[in-house]
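Reading the structure
So you can see what is in the structure, the chains are spelled out below.
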Amino acid sequence: TTKLSKEKVEITKEQRALIKAILDAYNRHQIPQDVTKKLLQEQYSAEENFLLLTEVATSQVQVLVEFTKNIPGFLSLDREDQIALLKGSAVEAMFLRSAQVLSEKKPSGYTEVLEERIRKSGMSEEFMTPMFNFYKSIGELHMTQEEQALLTTITILTPDRPYVKSHEAVERLQETMLDVLRKLCVLQHPQEPQYFARLLGRLTELRTLHHYHVEMLTSWKTNDHKFTPLLCEIWDVQ
Ligand SMILES: C[C@]12CC[C@H]3[C@@H](CC=C4C=C(C(=O)O)CC[C@@]43C)[C@@H]1CC[C@@H]2C(=O)c1ccc(O)cc1
């Protein structure tokens, strides 16, 4: 018979402090109100929608950089590795963020407006489908704020990004976060022993979205959609 592992899961004091630091950083770094307000007000042409999404994407990259700098231990990594991790995870962090935002209904109707603008922004169907499937699969998990913040942190601290030199240092940091998230999942979803594994499965799905994203950008570029310098920089778009 399989003995149900009733392992006593204990979150240490240090781990509780780590969760708090990451959650505070995650909640502190939201895109500015004036950007989200514009999204609710401006008109609905495909061109306008694309421009607004570009503005929101640019703002999100800035927020991502600020959040990343507040991940305990990140700033003690090699500086070039910090850049490599940011560039390597920016797309995945952005899609994870959009899934988290679009799966929580806001009273202001922000989610519905945002979804509408995405659907009518000139993005081709072949990218829309996998993206919205991902949003649905994230929404079904009903992640807590801590889980969302930790999953984003784990995505950023992926050691096998291009140009990362001290692989072990990043791996050690990521493992610290994985251990905390694993314990949180056991404690917050006791009736779902596979919940932690399902969360990590989403990270694999994120990587496939990353591949779509490059093609999505080129399909927009062909209809001469311009991106901001920051987006070109972080996504290596010419
Ligand atoms: C990813 C995305 C840009 C960033 C958006 C996301 C939808 C929801 C969001 C919510 C945010 C929040 O509330 O914090 C931050 C921005 C994001 C994460 C858009 C869906 C498609 C779009 C896109 O790929 C895109 C890429 C380049 C562009 O120039 C325009 C759009």
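As shown above, the structure is provided for reference.
Below: a short report on this structure. (Residues numbered from 1 in each chain as written. Predicted model: local features only at pLDDT ≥ 70, side-chain atom pairs only at ≥ 80, totals over all residues. Heavy atoms only, no water.)

What follows deals with the overall build of the chain. On a plain count of helices and strands, the chain comes out with ten helices and zero strands. On C-alpha atoms alone, the chain measures out to a radius of gyration of 18 Å, which is about the 18 Å that the 2.2 N^0.38 rule sets for 238 residues. Principal-axis analysis of the C-alpha atoms gives the chain an extent of 60 × 40 × 35 Å. Residues counted as buried form 49% of the 238 residues belonging to the chain. Within the chain, contacts between residues at least 6 apart in sequence are counted, and of these 77% link residues at least 24 apart. Roughly 12,600 Å² of accessible area belongs to the chain as shown, and the carbon and sulfur atoms make up 57% of that amount. Each charge class in the chain can be summarised by its mean position, and for the 29 positive and 34 negative side chains these summaries are 5 Å apart. (Helix = DSSP H or I, 4+ residues; strand = E, 2+ residues; numbered from the N terminus. Rg over C-alpha atoms; globule rule 2.2 N^0.38 Å. Buried < 20%, exposed > 50% of the residue type's maximum accessible area, 1.4 Å probe, protein only. Contact = heavy atoms within 4.5 Å. Areas by Shrake-Rupley, 256 points an atom, 1.4 Å probe, with all protein chains shown as cover. Lys, Arg positive; Asp, Glu negative; His and termini not counted. Charge placed at Lys NZ, Arg CZ, Asp CG, Glu CD.)

We now examine the pattern of salt bridges. For the structure on display, the rule yields 16 salt bridges. Between Asp236 and Lys87 there is a salt bridge whose closest N-O contact spans 2.8 Å. Note that Asp236 is positioned in the segment after helix H10 (229–234) and Lys87 in helix H4 (residues 79–102), a separation of 149 residues in sequence. The class for Asp236 is exposed, based on a relative accessible area of 51%. (Salt bridge = Lys/Arg side-chain N within 4 Å of Asp/Glu carboxyl O.)

Compared with an ideal rise of 1.5 Å per residue, which puts 24 residues at 34 Å, H4 spans 33 Å between its outermost C-alpha atoms and is within 8% of the ideal. Among the 24 residues that make up H4, 19 are buried, leaving the element largely enclosed by the rest of the structure. By the N-cap criterion, in which a side-chain oxygen at the helix start approaches the backbone nitrogen of a residue two or three places on, H4 is capped by Asp78, the distance to Glu80 being 2.8 Å. (Expected span 1.5 Å × (residues − 1). Polar contact = N/O pair within 3.5 Å; in protein donor to acceptor, adjacent residues only side chain to side chain.)

Turning our eyes to something else, we now look at the nonpolar core. Core analysis: the largest hydrophobic core is formed by 76 residues, its most contacted members being Phe95, Ile118 and Trp235. Element by element, the count of residues in this core is highest for H4, at twelve residues. Ignoring sequence-local partners within four residues, the contact set of Phe95 consists of Met131, Phe134, Tyr135, Leu206, Leu209, His213 and Met216. (Core = buried A, V, L, I, M, F, W, Y, C linked by side-chain atoms within 4.5 Å.)

Where helix H3 (residues 46–69) meets H4, the axes come as close as 10 Å, and the angle between the chain directions of the two elements is 115°. Between H3 and H4, the interaxial angle falls into the category roughly perpendicular. Handedness of the crossing formed by H3 with H4: right-handed. From H3, Ala57, Gln60, Leu64, Val65 and Thr68 reach across to H4, where they touch Leu86, Ala90, Ala93, Met94 and Arg97. Across the contact of H3 with H4, the residue classes tally to seven nonpolar, two polar and one charged. (Axes fitted to C-alpha atoms, helices over the stretch in contact; angles between N-to-C directions. Parallel < 35°, antiparallel > 145°, perpendicular 65-115°, else oblique. Left-handed = near helix turned anticlockwise from the far one by under 90°. Nonpolar A, V, L, I, M, F, W, Y, C, P; charged D, E, K, R; others polar.)

For the rest of this paragraph, the subject is the environment of Lys38. By the secondary structure assignment, Lys38 is in helix H2 (residues 33–41). The class for Lys38 is partly exposed, based on a relative accessible area of 31%. In the structure, Lys38 is positioned 38 residues away from Ser76 in sequence and 37 Å away in space, judged by C-alpha atoms. Ignoring anything within four residues of it in the chain, the contact list for Lys38 reads Leu52, Glu55 and Arg117.

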